[in-house]
Amino acid sequence: MEKYLIVGLGNPGEEYAGTRHNTGFMVLDAFAKASNIVFEDKRYGFVAETSVKGRKVLLLKPTTFMNLSGNAVRYWLNKENIDQSRLLVVSDDVAIPVGQFRLKANGSNGGHNGLGHIQQLIGQQYARLRMGIGNDYPIGMQIDHVLGKFSAEEMEKLQPAINVAVDIIKSFVLAGIDITMNQYNRLGKNTHP
C-alpha cells in the first residue's frame, strides 16, 4: 500500500493554538475532522492515520516546536518507510496574503524556520503548501505577528483557503504534485471574494 506523510507545521501547546504560525496545524485539523479521525500523542508529534482510496495517509503535527520540525519529519519518514516524494509539508508564509496559498514541488525555505530545519535534515526535494498569513505588521514585529492570533476578519479569508487545502491534500495523494499544482495554484491567488 502506498503511504503518504502530510505534515502541518506549528508549535504545540494551548498558548499557540489559533496563531498564524500554526496555520499548518489548522489545515491538518480540518483534514482530520473531514476524515473523521483523531490525533494521538506519539513520538515527536500528534499523529492521525486514514486512507484515501486505498492509500495510507499519515498526518503529523510535530511537537518538537517549529525550529526543530525536521526531527519529527525525518523520524516519521524513516519509521514508516515513506519516500520523500510522498511528503507534503503545510506551513504559514508571511510573503503571501491571508487567504491565498502556493503549492510547490520543492525549493528554498523562504526564511521559514520550520522549513529551514526540515531542509537541513532531508534537503529541498519535498512538496510544500505555503498558506498565506500576510505581512501587515510594523518593521521588527514579525515574531509578534506570526505568534499572534488571526482576527475574525482574517479567519473569514483564511477559512476558504483551509477548505481548499484539505482538497489539495487529497489531490496530492491521488494525483501527485504536478497535477495538483496545475489544478490548484491558480485558485491560490484568489480564494476569497
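Below or above, wherever it landed, is the structure these notes cover. Since this is a predicted model, take the numbers as computed values, not measurements. (Residues numbered from 1 in each chain as written. Predicted model: local features only at pLDDT ≥ 70, side-chain atom pairs only at ≥ 80, totals over all residues. Heavy atoms only, no water.)

Some remarks on the packing of helix α2 (residues 69–79) against helix α3 (residues 113–122)
For the record, the criterion: Comment: axis = line fitted to C-alpha atoms, over the contacting stretch for helices; angle = value between 0 and 180 degrees taken between N-to-C directions. Here a helix means four or more residues in a row that DSSP labels H or I, a strand means two or more in a row labelled E, and each is numbered from the N terminus. Any angle that is under 35 degrees is reported as roughly parallel, and any over 145 degrees as roughly antiparallel; angles of 65 to 115 degrees are reported as roughly perpendicular and all others as oblique. Here a crossing is called left-handed whenever its near helix is offset anticlockwise from the far helix by less than a right angle, and right-handed whenever the offset is clockwise. Two residues qualify as a contact provided that any one of their heavy atoms is within 4.5 Å of a heavy atom in the partner residue. Any residue that is not Ala, Val, Leu, Ile, Met, Phe, Trp, Tyr, Cys, Pro, Asp, Glu, Lys or Arg is counted as polar, Gly included; the first ten are nonpolar and the last four charged.
In contact at an axis separation of 7 Å, α2 and α3 are set at 45° when each is read in the N-to-C sense. With respect to α3, the axis of α2 lies oblique. α2 and α3 meet at a crossing whose hand is right-handed. Of α3, the residues touching α2 (which contributes Ser69, Gly70, Asn71, Val73, Arg74 and Leu77) are Gly114, His117, Ile118, Leu121 and Ile122. Considered class by class, the residues forming the contact of α2 with α3 number five nonpolar, five polar and one charged.

A word on the pattern of salt bridges
Our working definition: Here a salt bridge means any side-chain nitrogen of Lys or Arg lying within 4 Å of a carboxyl oxygen belonging to Asp or Glu. Summary of the burial criterion: residues with accessible area below 20% of their type's maximum are buried, those above 50% are exposed, and those between are partly exposed, where the area comes from a 1.4 Å probe applied to protein chains only.
Using the criterion set out here, one finds nine salt bridges in the structure. The salt bridge involving Glu80 is made with Lys56; its shortest N-O contact spans 3.4 Å. Of the two residues, Glu80 is situated in the loop between α2 and β5 (87–93) and Lys56 in strand β4 (residues 55–62); the sequence distance between them amounts to 24 residues. Each member of the pair, Glu80 as well as Lys56, is classed as buried.

Points about helix α5 (residues 152–175)
The test is simple: Take the residue count of a helix, subtract one, and multiply by 1.5 Å to get its expected span. Two axes enter the bend calculation: one fitted to the seven residues ending at the residue in question, the other to the seven starting there, and the bend is the angle between them.
The terminal C-alpha atoms of α5, which comprises 24 residues, lie 34 Å apart, in line with the 34 Å expected from a rise of 1.5 Å per residue. The principal kink in α5, of about 30°, is found at Leu158, preceding the proline Pro160 by one to four residues. Taken residue by residue, α5 has Glu154, Leu158, Ala161, Ile162, Val164, Ala165, Val166, Ile168, Ile169, Ser171, Phe172 and Val173 as its buried positions. Backbone geometry just after α5 places Gly176 at a positive phi near 95°.

What to know about the sheet that holds strand β6 (residues 101–104)
The line we're drawing: In this description, strands pair whenever DSSP reports at least two bridges between them.
With mixed pairing, seven strands are arranged side by side in an open sheet as β2-β3-β4-β1-β5-β7-β6. Pairing within the sheet leaves two strands with one partner each, and these edge strands are β2 (40–42) and β6. Across the sheet, the mean angle separating the axes of adjacent strands is 25° when strand polarity is ignored. The pairing of strand β3 (residues 45–52) with β4 spans eight bridges and is classified as antiparallel. When the bridges of β4 are listed, Val47 appears paired with Leu60. Of the strands in this sheet, β1 (3–8), β2, β3, β4 and β5 touch α2, which is tilted by about 155° from β4. Contacts between α5 and the sheet are confined to β1, β3, β4, β5, β6 and β7 (127–132), with β7 contributing the most and set at about 170° to the helix.

Without other data, these values stay purely geometric and don't point to any function.
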